[in-house]
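# Observations on the model geometry
What follows is each chain in one-letter form.
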Amino acid sequence: MHAGLRITAYAAALAATFGTAYGVGQVVGPVVENEPPARHDMRGDGNGPAHSEHESPPAGGLQISEKGYTLDLATPRLAAGRTADLRFTVRGDDGRAVTAFRTEHDKELHLIVASRDLNTYRHLHPTRAADGTWSIPVSLPRAGGYRVFADFTPEKKGAENLTLGADLAVSGAYRPRPVPAPDATAETDGYQVKLGGALRPGVARALKLTVSRDGRPVTDLQPYLGAYGHLVALRSGDLAYLHVHPNGEPGDGTTAPGPDISFTATAPGAGTYRLFLDFKHDGKVHTAAFTVRAGGAAEDTAGEPSGGHGH
């Protein structure tokens, strides 16, 4: 595609419907061929099924319906650069809107919006009306294909955490952008964040992110949603979703408020991933992004630590 190519709202809607990646396929194709969508449970904290040493966990966010719940996106398209309400409903197998959710990390539902080229990312917390409709004002800077992820647990006995995904089209002048090259250092809002560790398919591995500003370590991170950091990984190509949380929490007597934030994560498969770290300092939430490549489990190095906490 050439720069300046116009995508009408109609064309964008068609592309979202059929999962077109708006040019991403010219840069990075699907990283795992013939991989069927699998049920989502990426936790390694004892709250979900355990995975063997070299068994990849199921990929999340690839399905709009799962285990009797459906993500009903009432706003399938937006215009680039314009603020508009993004509205959706989670429906049960009876078609009715779900109105009872468990609170996890201080919120009933976590909403992730990401462009298919993984250059734009939003971690949002919409408001739920009494009738079960969720909404939040959103402004997305560039045209193209996006994916909306709803991460929640229904307030129902035996219900498991789910991540449902739906396509969103954003109309406007589209310019394709490649997925950023891998780099162990990210800059955001004057902060520098370094990434240590590796992401491996089917193997729990420790990831350590170190936050500094002006060359000095940040040792007074503030709790955000009950933790010092939140990490989301999205796989390039199909946007398989992995949401992990840090090892330890504020006030547990052992977890320091920086500069290091440690996680344990298991990739659902090989490929290129974008990692998005949210952390809070000086009263503001900042997001640092990294590109990493997860190879085959056989390529894993023996010197890397493993762990068992994640979501």
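Read on for a plain summary of the structure. (Residues numbered from 1 in each chain as written. Predicted model: local features only at pLDDT ≥ 70, side-chain atom pairs only at ≥ 80, totals over all residues. Heavy atoms only, no water.)

## Some details on the sheet that holds strand 16 (residues 230–235)
With antiparallel pairing, four strands are arranged side by side in an open sheet as 17-16-19-20. Two strands close off the open sheet at either side, each with one partner strand: strand 17 (241–244) and strand 20 (284–294). Across the sheet, the axes of successive neighbouring strands diverge by a mean angle of 20 degrees, strand direction being ignored. Looking at chain direction, strand 16 and strand 19 (residues 271–281) are connected through six bridges and run antiparallel. Among the inter-strand pairings, L231 is bridged to a residue of strand 19, identified as L277. (Pairing = 2+ DSSP bridges. Helix = DSSP H or I, 4+ residues; strand = E, 2+ residues; numbered from the N terminus. Axes fitted to C-alpha atoms, helices over the stretch in contact; angles between N-to-C directions.)

## A short note on the packing of aromatic side chains
Per the counting criterion, the structure on display carries seven aromatic pairs. Between Y69 and F152, the aromatic rings sit 6.4 Å apart at their centres with planes inclined by 75 degrees, giving edge-to-face as the arrangement. Taken as a pair, Y69 in strand 3 (residues 69–73) and F152 in strand 10 (residues 144–152) lie far apart in primary sequence, 83 residues in all. When sorted by exposure, Y69 lands in the same class as F152, which is buried. Taken together, the ring pairs connect Y69, F88, F101, W134 and F152 into an aromatic cluster. (Phe/Tyr/Trp six-rings, centres within 6.5 Å; stacked < 30°, edge-to-face > 60°. Buried < 20%, exposed > 50% of the residue type's maximum accessible area, 1.4 Å probe, protein only.)

## Quick notes on the pattern of salt bridges
Inspection of the entire model under this criterion finds eight salt bridges. Here R128 and E108 are joined by a salt bridge, their closest N and O atoms 3.0 Å apart. With R128 in strand 8 (residues 127–128) and E108 in the loop between strand 5 (84–91) and strand 6 (109–115), this pair connects stretches of sequence that are 20 residues apart. According to the relative accessible area criterion, R128 is partly exposed, its value standing at 26%. Among the ionic contacts, a cluster of salt bridges with common partners joins R116, R147 and D167. (Salt bridge = Lys/Arg side-chain N within 4 Å of Asp/Glu carboxyl O.)

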